[in-house]
Amino acid sequence: MTDLPLSVLIPARNEADNLPHLLDEVCTALDGAGIKFEMLVVNDGSSDNSLQVLTAYAARDERLRVYHHQYSAGQSTSIWQAAWQARGTWLATLDGDGQNDPADLPAMFERVQKRDITLLAGYRHKRNDSEIKRLSSRIANAVRSRLLKDDTPDTGCGIKIFEREAFLRLPYFNHMHRFLPALIRAQGGTTLSWPVNHRARQAGSSNYGTLDRLMAGLLDLGGVMWLAHRSRLPAPLDLHAGIDVDKDLHSRQEP
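Scoring rules and cut-offs
- Residues numbered from 1 in each chain as written.
- Predicted model: local features only at pLDDT ≥ 70, side-chain atom pairs only at ≥ 80, totals over all residues.
- Heavy atoms only, no water.
- Pairing = 2+ DSSP bridges.
- Helix = DSSP H or I, 4+ residues; strand = E, 2+ residues; numbered from the N terminus.
- Axes fitted to C-alpha atoms, helices over the stretch in contact; angles between N-to-C directions.
- Buried < 20%, exposed > 50% of the residue type's maximum accessible area, 1.4 Å probe, protein only.
- Polar contact = N/O pair within 3.5 Å; in protein donor to acceptor, adjacent residues only side chain to side chain.
- Contact = heavy atoms within 4.5 Å.
- Phe/Tyr/Trp six-rings, centres within 6.5 Å; stacked < 30°, edge-to-face > 60°.
- Core = buried A, V, L, I, M, F, W, Y, C linked by side-chain atoms within 4.5 Å.
- Right-handed = clockwise from strand over helix to strand, strands pointing away.
- Salt bridge = Lys/Arg side-chain N within 4 Å of Asp/Glu carboxyl O.

### Here we look at the sheet that holds strand 5 (residues 119–124)
Across the sheet, seven strands lie side by side as 3-2-1-4-6-5-7; this open sheet has mixed pairing. Across the chains shown, the open sheet's two edge strands, defined by having one partner strand only, are strand 3 (64–69) and strand 7 (191–196). Strand-to-strand twist of the sheet, defined as the mean angle between neighbouring strand axes without regard to direction, takes the value 25 degrees. Bridge count for strand 4 (residues 88–93) against strand 6 (residues 160–163) is four bridges, and the pairing is antiparallel. Opposite Ala 92, over in strand 6, you have Ile 161 as the bridge partner.

Next comes the structure, spelled out in structure tokens:
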């Protein structure tokens with residue numbers, strides 16, 4: 001199914017005023033770098049005119065595919081479903097609020113082409129958020145990093161690039177997008193953090209409350225710790241006796 005280098009996945013809820021400019025920026029950045037790509041936006045139960053805005057954009061740029069939830073299913077579900085529909089070998093994620101800068105994508109994509117990492121996670125070295133958001137994020141990241149040992153300073157940053165096949169092998173659960181480095185590592189993958197630009201929101205309001213985000217993160221943290229502890233992957237499987245089916249099939253197909 002994968003026949004493109006890159007798929008850009010954007011979950012969005014009530015971001016009608018931010019999405020057109022964000023999509024324009026994605027196209028400018030990737031076209032300028034000569035990267036072939038597609039864009040998949042999941043309209044996650046928006047009550048504004050996001051769906052109409054996205055439909056109009058898709059009509060003039062066939063690289064955009066728009067998916068829609070009748071009611072909000074959450075960011076992780078939107079990303080997970082979009083990943084199954086994507087045709088890219090690599091998946092890039094961006095938040096729909098425009099605070100992630102698509103101009104970071106070409107350099108990030110170039111880095112993952114070295115093929116020595118499974119996931120490249122952006123981290124906001126200079127955040128444009130309120131003081132309470134920055135403080136709560138520092139506390140949450142410190143606790144998570146200490147307990148999960150995922151060597152990632154900012155898992156809350158929405159801009160990431162990772163292998164599609166590796167992502168699809170992960171266990172699915174709500175809020176999984178906040179723990180991707182730890183989950184990837186538990187499956188034997190490798191991760192790296194990359195400094196990225198972070199911008200102030202230009203329109204609309206955040207879909208997350210600080211307390212809600214903190215409580216959900218604490219509950220999920222225990223589950224991720226359990227998953228990582230119980231994982232026995234990777235477990236190399238070597239053929240001991242008999243026929244290697246893949247090699248046998250390949251030899252039969254040769255002229």
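### Regarding the side chain of Ser 78
The residue Ser 78 is located in helix 3 (residues 75–85) in this model. On the accessibility criterion, Ser 78 (1% relative accessible area) is buried. A polar atom in the side chain of Ser 78 sits 2.9 Å from the backbone oxygen of Gly 74.

### Let's talk about the environment of Leu 227
Looking at the secondary structure, you find Leu 227 in helix 8 (residues 210–230). The spacing of Leu 227 and Ala 182 is 45 residues in sequence and 9.8 Å in space, taken between C-alpha atoms. Those residues in contact with Leu 227 that sit more than four places away from it in its chain are Pro 171, Phe 173 and Leu 183.

### Focus on the packing of aromatic side chains
The geometry of an aromatic ring pair is captured by two quantities: the separation of the ring centres and the angle between the planes. Applying the stated criterion across every chain yields a total of three aromatic pairs. Ring geometry for Trp 80 against Tyr 172: centres 4.8 Å apart, planes inclined by 35 degrees, an arrangement best described as tilted. Note that Trp 80 is positioned in helix 3 and Tyr 172 in the loop between helix 6 (164–168) and helix 7 (180–186), a separation of 92 residues in sequence. Relative accessible area serves as the criterion here: at 38%, Tyr 172 is assigned to the partly exposed category. Consider the rings of Phe 162 and Phe 167, whose centres lie 5.2 Å apart with planes at 35 degrees: the pair is tilted.

### Describing the nonpolar core
If you look at the biggest cluster of nonpolar residues, it comprises 30 residues, and the most contacted ones within it are Leu 6, Val 8 and Met 39. Contributions of two or more residues to this core are made by strand 1 (4–12), helix 1 (19–32), strand 2 (37–44), helix 2 (50–60), strand 4 and helix 4 (105–112). In terms of residues, this core owes the most to one element, helix 1, which gives six residues. With sequence-adjacent residues up to four places away left out, Val 8 is seen in contact with Val 26, Leu 30, Glu 38, Met 39, Leu 40, Ala 92 and Leu 94. Ala 83, Phe 162, Phe 167 and Leu 221 belong to the second largest nonpolar core, which has 22 residues in total.

### A short note on the environment of Leu 54
Position of Leu 54 among the secondary structure elements: in helix 2. Judged by relative accessible area, which is 1%, Leu 54 ranks as buried. Filtering out sequence-adjacent residues up to four positions away, Leu 54 remains in contact with Leu 19, Leu 23, Val 41, Asn 43, Leu 64 and Val 66.

### A few points about the pairing of strand 3
Of the strand pairs in this sheet, strand 2 and strand 3 are connected by six bridges, and their pairing is parallel. The residue bridging Val 41 from the neighbouring strand is Val 66, located in strand 3. Following the chain from strand 2 across helix 2 to the adjacent parallel strand 3, one finds a crossover that is right-handed.

### Thoughts on the pattern of salt bridges
In this structure the tally under the stated criterion is eleven salt bridges. Residues Glu 38 and Arg 87 are paired through a salt bridge, measuring 3.4 Å at the closest nitrogen-oxygen approach. One end of the pair, Glu 38, is in strand 2; the other, Arg 87, is in the loop between helix 3 and strand 4, and 49 residues separate them in sequence. With its nearest N and O atoms 2.8 Å apart, the salt bridge here joins Arg 111 to Asp 116. Among the residues examined, Arg 111 registers a relative accessible area of 14% and is labelled buried. Connected through shared salt-bridge partners, Asp 3, Glu 38, Arg 65 and Arg 87 make up one network.

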